[in-house]
There are 2 protein chains.
Amino acid sequence: MTIKEVSEKFGISQDTLRYYERVGMIPPVTRSSGGIRNYQEEDLGWVELAKCMRNAGLPVEAMIEYVKLTQEGDSTFAARLQLLTEQREALLEQKEKIAATIKRLDHKIRRYEDAVKTGVLSWENN
Amino acid sequence: MTIKEVSEKFGISQDTLRYYERVGMIPPVTRSSGGIRNYQEEDLGWVELAKCMRNAGLPVEAMIEYVKLTQEGDSTFAARLQLLTEQREALLEQKEKIAATIKRLDHKIRRYEDAVKTGVLSWENN
DNA sequence: ATAATGCTTTGAGCGCACTCCAAGTCAAGC
DNA sequence: GCTTGACTTGGAGTGCGCTCAAAGCATTAT
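The text that follows walks through the structure, step by step, so that each part is easy to find.

Cut-offs and rules
- Residues numbered from 1 in each chain as written.
- Chains lettered and ligands numbered in written order.
- Predicted model: local features only at pLDDT ≥ 70, side-chain atom pairs only at ≥ 80, totals over all residues.
- Heavy atoms only, no water.
- Helix = DSSP H or I, 4+ residues; strand = E, 2+ residues; numbered from the N terminus.
- Rg over C-alpha atoms; globule rule 2.2 N^0.38 Å.
- Buried < 20%, exposed > 50% of the residue type's maximum accessible area, 1.4 Å probe, protein only.
- Lys, Arg positive; Asp, Glu negative; His and termini not counted.
- Charge placed at Lys NZ, Arg CZ, Asp CG, Glu CD.
- Arc of directions from axis to C-beta.
- Contact = heavy atoms within 4.5 Å.
- Salt bridge = Lys/Arg side-chain N within 4 Å of Asp/Glu carboxyl O.
- Near = heavy atom within 4 Å.
- Polar contact = N/O pair within 3.5 Å; in protein donor to acceptor, adjacent residues only side chain to side chain.

1. As for the overall build of chain A
Okay, step 1: Tallying secondary structure elements over chain A gives 5 helices and 0 strands in all.
Okay, step 2: From first element to last, N terminus to C terminus, chain A shows the α and β order α-α-α-α-α.
Okay, step 3: Taken over C-alpha atoms, the radius of gyration comes to 22 Å for chain A, far larger than the 14 Å a tight globule of 126 residues would show.
Okay, step 4: With the C-alpha coordinates of chain A rotated into their principal frame, the extents come out at 70 × 35 × 20 Å.
Okay, step 5: Scored against the burial criterion, the 126 residues of chain A give a buried share of 40%.
Okay, step 6: Counting 19 positive and 20 negative side-chain charges, chain A places the centres of these two groups 6 Å from one another.

2. Points about helix H2 (residues 14-23) of chain B
Residue and element names in this part refer to chain B.
Okay, step 1: The complete set of buried residues in H2 reads Leu17, Tyr20 and Glu21. Taken end-on, H2 shows its buried residues confined to a sector of 95°, consistent with a single buried face. Along H2, the residues that are exposed and aim more than 90 degrees away from the buried face are Asp15 and Arg22.
Okay, step 2: Looking at the packing, one finds that the buried side of H2 touches helix H1 (3-10) and helix H3 (41-55).
Okay, step 3: Positive phi shows up at Gly24, right after H2, with a value of about 90°.

3. Focus on the environment of A:Gln94
Okay, step 1: Residue position: A:Gln94 is located in helix H5 (residues 77-118).
Okay, step 2: Between the C-alpha atoms of A:Gln94 and A:Ala56, which are 38 residues apart in sequence, the distance is 9.4 Å.
Okay, step 3: Not counting chain neighbours up to four residues away, the residues in contact with A:Gln94 comprise B:Asn55, B:Ala56, B:Gly57 and B:Ile98.

4. Some thoughts on the pattern of salt bridges
Residue and element names in this part refer to chain A.
Okay, step 1: Here the structure, examined in full by the defined rule, presents 15 salt bridges over all chains.
Okay, step 2: A salt bridge links Arg37 to Glu21; the nearest nitrogen and oxygen atoms lie 2.6 Å apart. With Arg37 in the loop between helix H2 (14-23) and helix H3 (41-55) and Glu21 in helix H2, this pair connects stretches of sequence that are 16 residues apart.
Okay, step 3: Residue Glu21 is classed as buried on the basis of its relative accessible area of 12%.

5. Brief notes about the protein's contact with DNA strand C
Okay, step 1: Near DNA strand C lie 18 residues; those nearest to it are A:Arg18, A:Arg37, B:Asp15, B:Tyr20 and B:Arg54.
Okay, step 2: Across the atoms of DNA strand C situated within 4 Å of the protein, the share located in sugar and phosphate is 70%.
Okay, step 3: The contact in question runs from a phosphate oxygen of DNA strand C to an N or O atom on the side chain of A:Arg31, over 3.2 Å.
Okay, step 4: Here a phosphate oxygen of DNA strand C and a side-chain polar atom of B:Tyr20 are 3.2 Å apart.
Okay, step 5: Those elements giving two or more residues to the surface near DNA strand C turn out to be helix H1 (3-10) and H2 of chain A together with H2 of chain B.
Okay, step 6: With 5 residues, the top contributor of residues to the surface near DNA strand C is H2(B).

Okay, here's the thing in structure tokens:
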């Protein structure tokens, strides 16, 4: 699969795909004899993983570390486990914050729905 | 309340507090005769709101727009309602993405827990 | 063979959200 | 009155995560 196809498949720009590879967020991609990227199944798996992690807001740094450990082989299972666990914690925390903010927005939205109907905003700080 | 106290109360740097005010993410803060910030209850409410929204990852831009509308008075209820609703949507989406990633991490973590015990990682792409 | 297209690398540039710095002002204690 | 320390402003600098540009090589269509 060419970089163009991968770009379209995942909705990630070619520049970003090259960037991910360059900084080590995905392992080196399979190349043709002429040095042109030819993404295999495994490469696609990495791209998909990277996209998922970045979507959730995980730092690029964490992904780079994970890829590095993976490439160092079976002796890094424990380190990878720890890394994943830490990142999971961070995501849970972030999810909590978002949930709290949504709750707050819901409350404000209800007040504004009233305000739009009645012309008066029920009082409360901001 | 001085900027120093507010900074400590909310865990936001003085620089950031001034930045928030400068860009309009919170309305102008009450000042002493000498021009020194003296945060009142209402100002604190705005700071707290700003912190909550930023914690959830809402763009500064959105908060600026909301503050602007608020200062334009009662004619902007509908616009404020729309803004809040949009931001709520964005947060819900982000929460979904995080939830999906957590699920995925959970799965990987289970595999690595096994791997650490047995020395073998059950196969699966990355 | 030539032109067009699309890939390659390297390195610079950008937008966001701060964060730091310089130079100056103010307020409180000695 | 003078020093100290916290405050002020305006503007420059930083880190992250891309994003773009320049210059050159490869592949395909004519």
